[in-house]
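# Secondary and tertiary structure notes
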Amino acid sequence: MDHAEPVLVTAETLAELRRIVGERNVLDDPAELAVYECDAYTLEKRPPGAVVLPGNTEEVAAVVRVCAGAGLPIIPRGAGTSLSGTVLAVTGGVMIGLARLNRIESVDVLNRRALVQAGVVNAWITREAAPHGLMYAPDPSSQPACTIGGNVGTNSGGPHTLKYGVTTNHILGFEMVLPDGEIVWLGSGVEEGDDVDGIDLRGAVIGSEGMFGIVTRVLVRLVRAPQEFKTLLGVFESVDDASLAVGDIIAAGIVPGALEMMDQMITGAVEAAYHFGFPLDAGALLIVELDGLSAGLPEQTDRVIEICRARGAREIRVAKTEQERADLWKSRKRAFGAIGRLSPGYLTQDGVVPRSKLPEIMRFIQETSCRFDLRICNVFHAGDGNIHPLILFDERKPDEVRRAIAAGDAILGRCVELGGSVTGEHGIGVEKVDFMARQFSVETLDVMRALRAVFDPAGRCNPHKMFPGGKRCAEFAQRKQIAA
Ligand SMILES: Cc1cc2nc3c(=O)[nH]c(=O)nc-3n(C[C@H](O)[C@H](O)[C@H](O)COP(=O)(O)OP(=O)(O)OC[C@H]3O[C@@H](n4cnc5c(N)ncnc54)[C@H](O)[C@@H]3O)c2cc1C
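Residues numbered from 1 in each chain as written. Predicted model: local features only at pLDDT ≥ 70, side-chain atom pairs only at ≥ 80, totals over all residues. Heavy atoms only, no water.

From N to C terminus, the protein includes 16 helices and 20 strands. Compactness check: the protein gives a C-alpha radius of gyration of 22 Å against a globular reference of 23 Å for 484 residues, within 12% of the reference. When its C-alpha atoms are laid out on the principal axes, the protein stretches across 70 × 60 × 45 Å. The buried share of the protein, taken over its 484 residues, is 56%. For the protein, restricting intrachain contacts to residue pairs at least 6 apart in sequence, the fraction spanning at least 24 positions comes to 74%. Working note: accessible area of the protein is about 19,400 Å², and carbon and sulfur atoms make up 51% of it. Once the 50 positive and 63 negative side-chain charges of the protein are each reduced to a mean point, those two points are 3 Å apart. (Helix = DSSP H or I, 4+ residues; strand = E, 2+ residues; numbered from the N terminus. Rg over C-alpha atoms; globule rule 2.2 N^0.38 Å. Buried < 20%, exposed > 50% of the residue type's maximum accessible area, 1.4 Å probe, protein only. Contact = heavy atoms within 4.5 Å. Areas by Shrake-Rupley, 256 points an atom, 1.4 Å probe, with all protein chains shown as cover. Lys, Arg positive; Asp, Glu negative; His and termini not counted. Charge placed at Lys NZ, Arg CZ, Asp CG, Glu CD.)

See the structure below:
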């Protein structure tokens, strides 16, 4: 299969697909396909040969069987909010959109779990569970749009990952259509007591970026919503001071629900967009949310305030009302959306460093910004050491694109050198395949490939993602070489 040559979907195959899902649920008009040419990683674009929108598991399986018969690549797609090109149709083929699998089938209050279809939007689950005092904990900032199937694909995190864990900690089991069309269930079943022993294939699939099959229904864990929140905004003169406060809070034995940082540049954009009332002259803002039982929260709050002050916070505001807390989170979670005020384009990086290395990596990002003459702003999950430098560039200027890619590579390379990783939550996709060889040994990568081959021996399910050495989008590879 040649990268540069998209695999064509024949008229006969399109007709077969239309017989399964209906005329209007197969798209092959170039104008419609343009919507699906990339995800939120916009540096690479390639439309699929067709998009199919099945309405239930059986239709997904039938579509997958037709594609298997025709030897076509299949690309599962949720909402397409991936930030690393995990949904790019590198060699064309059939994109299978799960948007019509959008029902919450049941909420089991007694056992604290919900059965939802793969296209259900993340935020809908908590909305449905809230009247029962329950919530679905993983809360990516994209949660009003991203789907639970996509969350499984990328093992999503979010601001509250620090305390509650990532997607894999909250998925009990799921139904999946294998690349040959067989329907399987992995992990705990829907019936009470239907738990599994043996190898955790559920865990292997979560985070596999749609390369193992198409998830159609998911049994998620619900947790008790906290009795109370204390949400603080620490105002610091510098990113360095705020980073040191992050380490001190954790070292004091406190595990906040969330511990998020915004630097001055992103704060300016967020404030201009959402008017929360952030101080524009602050070097860095720290959002610390403590949650849980009311008992003990005031003491923890006092301790966090004390630590922040000791690290030079000039002001600490505590949200006085639920509305104020909600507004604060809305501003934080929509930060990426405010970047349009700063730049026509941006590259979101997603790296991890040990928490103790936060000051060092933040300084390195600053140096990288100067070195490549590009503005870089930061809004990230500081408590997890999960950084998200946002590299600003103008896609119409090829030299800026090259410098943005090179700056991103430099930052991720430094994360690895500091003992971290090239992804905390956004996945590898096409963006970071080259880094896999720097982070893992040849043997480890071979084991990963072998595991993938168990599920997808022909390598047709979301090809050209994650693993280096495979053929990649020629144009992009060339751009990276020039950038280097
Ligand atoms: C503004 C913004 C903020 C974000 N914030 C966060 C954040 O805080 N934390 C975080 O982790 N991510 C974040 N992201 C990234 C993104 O939202 C997540 O990766 C999310 O999980 C993707 O979900 P999706 O439905 O859009 O999936 P898609 O982007 O459509 O797909 C993602 C991957 O999952 C696969 N996939 C999708 N559906 C299925 C399925 N049913 N079966 C099998 N594979 C499937 C795809 O093939 C692809 O590999 C953010 C993105 C944006 C644009």
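As a further point, take the nonpolar core. Grouped together as the largest cluster of nonpolar side chains are 51 residues, with contacts concentrated most on M261, L286, I361 and I387. With eight residues, helix α13 (residues 398-417) is the single largest residue contributor to this core. Among residues more than four places away in sequence, those in contact with I361 are V353, I387, I411, R414, C415 and L418. Membership of the second largest hydrophobic core comes to 33 residues, among which are I148, M176, V218 and M436. (Core = buried A, V, L, I, M, F, W, Y, C linked by side-chain atoms within 4.5 Å.)

This part takes up the domain arrangement of the protein. Under the domain assignment, the protein is made up of domain 1 (11-97), domain 2 (104-224), domain 3 (228-338) and domain 4 (342-483). Each of domain 3 and domain 4 has a C-alpha centre, and these two points are 27 Å apart. Contact between domain 3 and domain 4 buries roughly 1,600 Å² in total, counting both sides, with carbon and sulfur atoms accounting for 68%. Of all residues in domain 3, the largest losses of buried area upon contact with domain 4 belong to M261, M265 and F336, amounting jointly to 36% of the total for that side. The tally of links from domain 3 across to domain 4 stands at one salt bridge. With a shortest N-O distance of 2.7 Å, D240 and R363 are connected by a salt bridge. Elements with a minimum of two residues in the side of domain 3 that touches domain 4: α8 (239-251), β13 (258-263) and α9 (264-274). Element by element, the count of residues in the side of domain 3 that touches domain 4 is highest for α8, at six residues. Here the residues of the side of domain 3 that touches domain 4 sort into 13 nonpolar, one polar and four charged. (Domains from an automatic or database assignment. Buried area = accessible area lost by both parts, 1.4 Å probe. Salt bridge = Lys/Arg side-chain N within 4 Å of Asp/Glu carboxyl O. Nonpolar A, V, L, I, M, F, W, Y, C, P; charged D, E, K, R; others polar.)

Turning next to the sheet that holds strand β14 (residues 284-292). What the seven strands build is an open sheet, ordered β15-β12-β14-β13-β18-β20-β16; its pairing is antiparallel. Each having just a single partner strand, β15 (315-318) and β16 (345-348) make up the two edges of the open sheet. Neighbour to neighbour, the strand axes of the sheet diverge by 20° on average, direction disregarded. Looking at chain direction, β16 and strand β20 (residues 389-393) are connected through four bridges and run antiparallel. Across the sheet, residue G345 finds its bridge partner in β20, namely F393. Strands in contact with helix α10 (residues 297-310) are β12 (228-236), β14 and β15; relative to β12, the strand with the most contacts, it is inclined by about 10°. (Pairing = 2+ DSSP bridges. Axes fitted to C-alpha atoms, helices over the stretch in contact; angles between N-to-C directions.)

Turning next to the site of the ligand. The environment of the ligand is made up of 36 residues, and the closest members are P76, G78, T81, S142 and T147. Side-chain polar atom of T147 to an oxygen atom of the ligand: 2.7 Å apart, as the coordinates give it. If you list the elements that add at least two residues to the shell around the ligand, you get β3 (74-77), α5 (148-154) and β10 (214-221). For the shell around the ligand, the per-class residue count stands at 12 nonpolar, 21 polar and three charged. (Near = heavy atom within 4 Å. Polar contact = N/O pair within 3.5 Å; in protein donor to acceptor, adjacent residues only side chain to side chain.)

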